[in-house]
Amino acid sequence: MGSSPGTGRSKRAHFLRAALPCLVPCLVPFLALTALGSAPAAAQSLTPDLFNPSRGGFASPDTLPTRRTAGVPLAPPDALPALPDPNADPRRRQPAPATSRTGQTPANQVPTYGLPAANGASASGYDSLNRKRQQPKLYPGQPKPKRPVGPGSPVPPATPVTTLGPPRIAPPPSETAHKTPVAPAMAGNVPGQPLRRRLKADDDAFGAVGDYAGSFLIKGGLELSTGYDTNPARLNKPVGSPVYVVAPDLLVQSDWERHALVADLRGSFSGYTNNMPATIDGFASPSPVEINRPDFTGHVDGRLDVDRDLKLTSQLRLRLATDNPGSPNVQAGLQKYPVYATYGTTVGFDQTFNRFQVAAGATIDRTAYTDSKLTDGSTFTNADRDFNQYGGVGRFSYELKPGLKPFVEIQGDTRIHDQAADRNGYFRDSNGGYAKVGSSFEFSRILTGEVSVGYSARSYTDPRLSQLSGFLTAGSLIWNASGLTTVKLATDTQIAETTVPGSSGVLVHTYGVEVDHDFRRWLTAVGKFTYGTYDYQNQGRNDKTYSLEGNLIYKLNRNIWIKGTLRHDILDSNQAGSSSQGTVVMLGVRLQN
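Analysis parameters
- Residues numbered from 1 in each chain as written.
- Predicted model: local features only at pLDDT ≥ 70, side-chain atom pairs only at ≥ 80, totals over all residues.
- Heavy atoms only, no water.
- Helix = DSSP H or I, 4+ residues; strand = E, 2+ residues; numbered from the N terminus.
- Contact = heavy atoms within 4.5 Å.
- Phe/Tyr/Trp six-rings, centres within 6.5 Å; stacked < 30°, edge-to-face > 60°.
- Buried < 20%, exposed > 50% of the residue type's maximum accessible area, 1.4 Å probe, protein only.
- Polar contact = N/O pair within 3.5 Å; in protein donor to acceptor, adjacent residues only side chain to side chain.
- Pairing = 2+ DSSP bridges.
- Patch = residues over 30% accessible without salt bridge, like charges linked within 9 Å, V, L, I, M, F, W, Y side chains within 5 Å.
- Areas by Shrake-Rupley, 256 points an atom, 1.4 Å probe, with all protein chains shown as cover.
- Salt bridge = Lys/Arg side-chain N within 4 Å of Asp/Glu carboxyl O.

Quick look at the side chain of Ser 397
Here Ser 397 is to be found in strand β13 (residues 387-398). Each residue touching Ser 397, except ones within four places of it in the same chain, is listed here: Arg 355, Phe 356, Gln 357, Lys 405, Pro 406 and Phe 407.

Things to note about the packing of aromatic side chains
All told, the structure shown has five aromatic pairs when counted by the stated rule. Residues Phe 216 and Trp 256 carry aromatic rings whose centres are separated by 5.4 Å and whose planes lie at 75° to one another, so their mutual orientation is edge-to-face. With a gap of 40 residues between them, Phe 216 in strand β2 (residues 216-229) and Trp 256 in the loop between β3 (241-254) and β4 (260-272) connect regions that are remote in the sequence. In this structure Phe 216 comes out as partly exposed when scored by relative accessible area, which is 23%. Using a relative accessible area of 34% as the deciding quantity, one classes Trp 256 as partly exposed. Seen in terms of ring centroids, Tyr 531 and Tyr 546 are 5.3 Å apart; in terms of plane orientation they differ by 45°. Their pairing is tilted. Placement of the pair is Tyr 531 in strand β20 (residues 523-536) and Tyr 546 in strand β21 (residues 541-555), with a sequence separation of 15 residues.

Examining the side chain of Thr 498
Turning to its location among the elements, Thr 498 is positioned in the loop between β18 (485-496) and β19 (506-520). One polar contact links Thr 498 to Asn 329, side chain to side chain, over a distance of 2.8 Å. In terms of polar contacts, Thr 498 uses its side chain to reach the backbone amide nitrogen of Val 500, at 3.2 Å.

Brief notes about the pairing of strand β16 (residues 447-460)
Inspection of the sheet shows strand β15 (residues 430-443) paired to β16 by 14 bridges, in the antiparallel sense. The partner of Gly 432 across the bridge, within β16, is Arg 458. In sequence, β15 turns back onto β16 through a hairpin of three residues, with Ser 444 there showing a positive phi of about 55°. In terms of strand pairing, β16 meets strand β17 (residues 468-479) through twelve bridges, oriented antiparallel. Along β17, the bridge assignment pairs Ser 452 with Ala 474.

Some points on a nonpolar patch on the surface
On the surface, a cluster of nonpolar side chains totalling about 970 Å² of accessible area is made up of Leu 222, Leu 224, Tyr 244, Val 246, Phe 269, Trp 522, Tyr 554, Leu 556, Ile 560, Ile 562, Leu 587 and Leu 591. Listing elements by their share of the nonpolar patch, those giving two or more residues are β2, β3, β22 (560-573) and β23 (580-592). Looking at the element boundaries, Phe 269 is found in strand β4.

Okay, structure coming up:
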């Protein structure tokens, strides 16, 4: 019975697959002999290494330069070089696969070529086999790491951007605690909101903060005091009177990156409830009957920065006051003090050449007095005391090192009176000036200030008035003795005008020291001592003044201070009947913002 075509073809295929392994070993030698027999004979003899596929098969393996050395296993001829695995741990190497006696791998083992899949993924790289990663081991109490941001991660919440300054490295826990929410406009979190101006660091915890008006910082204050003065007119025979003082002040300063404008205005009015006697021992009193006195000092300073080294400077100033009680310039028989005003301006420049600095300016000032009102109801003009002053000042300084800058300053001026001759017939127009040398310094913020010495002189057109000259001292020092104590030193020299007949002028030297001590931040004690000399040229009159003052300030807050003052003044004169003493006790309050 015959089989189907498919079945016969299958049987023949099985027979050929079974006979092929037996025929191949027999056919290979036969084909080789046939090829050798057909080719010409060669001198080389047939060796087992003739058909060795390895390099140098036609040479003896013992003579090869690349022969295997001792201790190095021979690799199979069909093995491919394996690439090094950078993540392989030599301590965890797998044992080599089992081989047969002939040195070949078993027929049922699948050979591995190259690197396995996802071999370089390690524990953090991309794994193409999508295997489960080994989770890191955490220490007890260690916070669980957050999932890295990537595809599929939720969008992080929007963090409010603050416009108040750079972010802090470690915000305090109070920011994350539960508290009343703040409007975004107050917190500075509104997108596009302009930067809010930060206040500068204030070392005084009870000092005035001030208010901003545009780019100007404004600070104002008002002192109201009342007390008693044992000798307000500084008479040889004291006559006391209650006193009240109203003292306003205003400070306005710009807050610009370039240029500057500062206005400092301070004034006071001293009122006395009692009047002084019009006559003393049958003579007109050297003191006015009404001794109320105003006092004002103000200046406005401006600076225009042309470039880094050149600056244009200017100043407007005003001084409003009266003659000092006990001065010989005060007329006898006055109803009240005449008030004088000195106002003027300075325009100049400040140029810096590396460490060398030049500052110069032109000055114009005018001094004018009101008319004197006498006790009999008449008036007396003081036009002979009015004058204009024109001058200039130059200063040359060199910075030897940071904090030490010596300088030389020269000043000259001309005074021209409205009337050529004064009430006593003297021509008081004059020319004068000064020259001084000194230095400004700053040593570790412990001792700062400026000190100078020099010579001042003034010559008059009237030959009867001799030249007025003298030694000049000027300076201002601040010594921070400790964190609670500050010492201030000040000295000044001026040549003042006078109406005393035959006297050229008054050479005035003033020296002062002030000590401030903080018992607490809210309790401050201030002690002052002032010494002055008044030398009336060609008159032989010399006056010396001493003033000892103590203040105790209790600061309730930044806006309200309570202040107590005790002062004792001494006027010692070589003229008979001109010496005097007086004590002042005041208690008041200061209001500021």
